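Coordinate inspection notes
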Amino acid sequence: MTFPIFHIWKKYAGLPNTICCRYNPGEFKIHNNIMDNPKDAKYGFTKEQLKKGFLLLKEKGVKNFGLHAFLTSNTLGNDYYPALAAMLFETAVWLKKETGIAISFINLSGGIGIPYRPDEEANNIFKIGEMVKNEYNRILKPHNLDNISIFTELGRYITGPNGQLVTRVIHKKETYKNYIGLDASAANLIRPAMYGAYHHITISGKENLANTNLYDITGSLCENNDKFAIDRKMPEINIGDVLIIHDTGAHGHSMGYNYNGKLRSAELLLKENGDIKLIRRAETLDDYFSTIRDFF
């Protein structure tokens with residue numbers, strides 16, 4: 001088994017004192033139902049590779065070791081994190097037995113989701129924390145490994161519900177379907193186009209009206225998957241209406257791009273006192289052409 005990363009470290013950075021290795025178990029189950037298929041993921045070591053990798057890293061002088069896994073995304077229900085934690089805790093015990101290396105920290109990564117649909121129930125983060133603590137005490141404490149630090153990466157859980165994409169209707173088209181064209185596109189929010197992800201959409205001032213019409217809500221990119229919603233029942237939409245696309249605080253602006261020459265939008269912060277502050281200005285054509293102007 002070879003680790004080509006070693007020559008890169010040696011050439012450019014030197015081997016760090018602390019290294020965290022990602023584990024891919026190949027299969028992951030909760031209550032006997034496969035949550036995802038880690039075998040298809042490009043990330044992570046197998047269990048035996050972890051063992052060999054840890055021993056080689058120790059031989060090369062690494063002092064502190066971490067363990068990490070990310071096996072599924074945007075879960076609802078409280079079982080995922082405790083099950084992931086139990087798997088990683090048991091792996092830490094196994095690694096200590098096989099290599100003599102006591103892990104310093106375990107990174108549970110992300111995966112705790114948010115309710116993108118109005119009828120979905122949010123995770124109970126306090127219950128999840130208590131369940132993880134129970135697994136920690138059950139698995140690690142009996143092996144004197146209860147000094148392991150626990151890290152998380154709950155970016156979506158923290159930021160997702162706290163962002164909205166505000167966009168205006170600029171086109172309507174009636175062919176085989178009823179299309180609503182927006183001044184936003186997948187360049188502003190790629191999740192629906194990339195994953196078929198659901199984002200709730202409301203019309204400013206029409207939140208309480210009946211959903212009487214069926215629409216595809218689209219952007220203006222030259223790709224047919226540039227749609228924020230397909231066959232979505234909504235109140236009647238007119239040109240000039242302002243649509244609010246909810247829960248875009250994660251994987252929204254951060255995944256934006258300039259396809260079709262689209263300029264990335266501004267970001268506004270709504271403060272607790274009701275004030276609005278510009279925290280990122282909109283891109284301009286000068287921004288767009290700034291890296292190639294010298295060629296003309």
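Parameters and conventions
- Residues numbered from 1 in each chain as written.
- Predicted model: local features only at pLDDT ≥ 70, side-chain atom pairs only at ≥ 80, totals over all residues.
- Heavy atoms only, no water.
- Helix = DSSP H or I, 4+ residues; strand = E, 2+ residues; numbered from the N terminus.
- Expected span 1.5 Å × (residues − 1).
- 1 Å grid on protein atoms, 1.4 Å probe; cavity = no way out; pocket = protein on both sides within 12 Å on 5 of 7 lines; lining within 4 Å.
- Points joined across faces, edges and corners; volume = space filled by probe spheres on them.
- Phe/Tyr/Trp six-rings, centres within 6.5 Å; stacked < 30°, edge-to-face > 60°.
- Buried < 20%, exposed > 50% of the residue type's maximum accessible area, 1.4 Å probe, protein only.
- Lys NZ or Arg CZ within 6 Å of the ring centre and 35° of its normal.
- Axes fitted to C-alpha atoms, helices over the stretch in contact; angles between N-to-C directions.
- Parallel < 35°, antiparallel > 145°, perpendicular 65-115°, else oblique.
- Left-handed = near helix turned anticlockwise from the far one by under 90°.
- Contact = heavy atoms within 4.5 Å.
- Nonpolar A, V, L, I, M, F, W, Y, C, P; charged D, E, K, R; others polar.

**Some thoughts on helix H2 (residues 47-59)**
- Across its 13 residues, H2 extends 19 Å between first and last C-alpha, which sits within 8% of the 18 Å expected from 1.5 Å per residue.
- In the stretch just after H2, Gly61 is the one whose phi turns positive, near 110 degrees.

**Some thoughts on the layout of surface pockets**
- Of the pockets and cavities examined, the largest pocket occupies roughly 910 Å³.
- Residue lining of the largest pocket: 33 residues in total, with Gln164, Leu165, Ala266, Glu267 and Leu268 positioned closest to the centre.
- Elements with a minimum of two residues in the lining of the largest pocket: strand S7 (165-174), strand S13 (267-270) and strand S14 (276-280).
- Counting residues per element, the lining of the largest pocket draws most heavily on S13, at 4 residues.

**Some details on the packing of aromatic side chains**
- Going through the model one piece at a time under the given rule, you end up with 6 aromatic pairs.
- When the ring of Tyr80 is compared with that of Tyr81, the centres are 6.2 Å apart and the planes differ by 45 degrees; the resulting orientation is tilted. Each member of the pair Tyr80 and Tyr81 is classed as buried.
- A network of ring pairs unites the aromatic residues Phe28, Tyr80 and Tyr81 as a single cluster.
- Taking NZ or CZ as reference, Lys47 lies 4.7 Å from the ring centre of Trp94, over its face.
- We note Arg191 situated over the ring of Tyr116; from NZ or CZ to the ring centre the distance is 4.4 Å.

**Digging into the packing of helix H3 (residues 80-99) against helix H4 (residues 125-140)**
- With their axes 9 Å apart at the nearest point, H3 and H4 run at an angle of 20 degrees to one another. By the criterion of interaxial angle, the relationship of H3 to H4 is roughly parallel. Seen along the crossing, H3 lies across H4 with a hand that is right-handed. Residues Tyr81, Pro82, Ala85, Ala86, Phe89, Glu90, Ala92 and Val93 of H3 pack against Ile128, Met131, Val132, Glu135, Tyr136, Arg138, Ile139 and Leu140 of H4.
- A per-class count over the contact of H3 with H4 returns 13 nonpolar, no polar and 3 charged.

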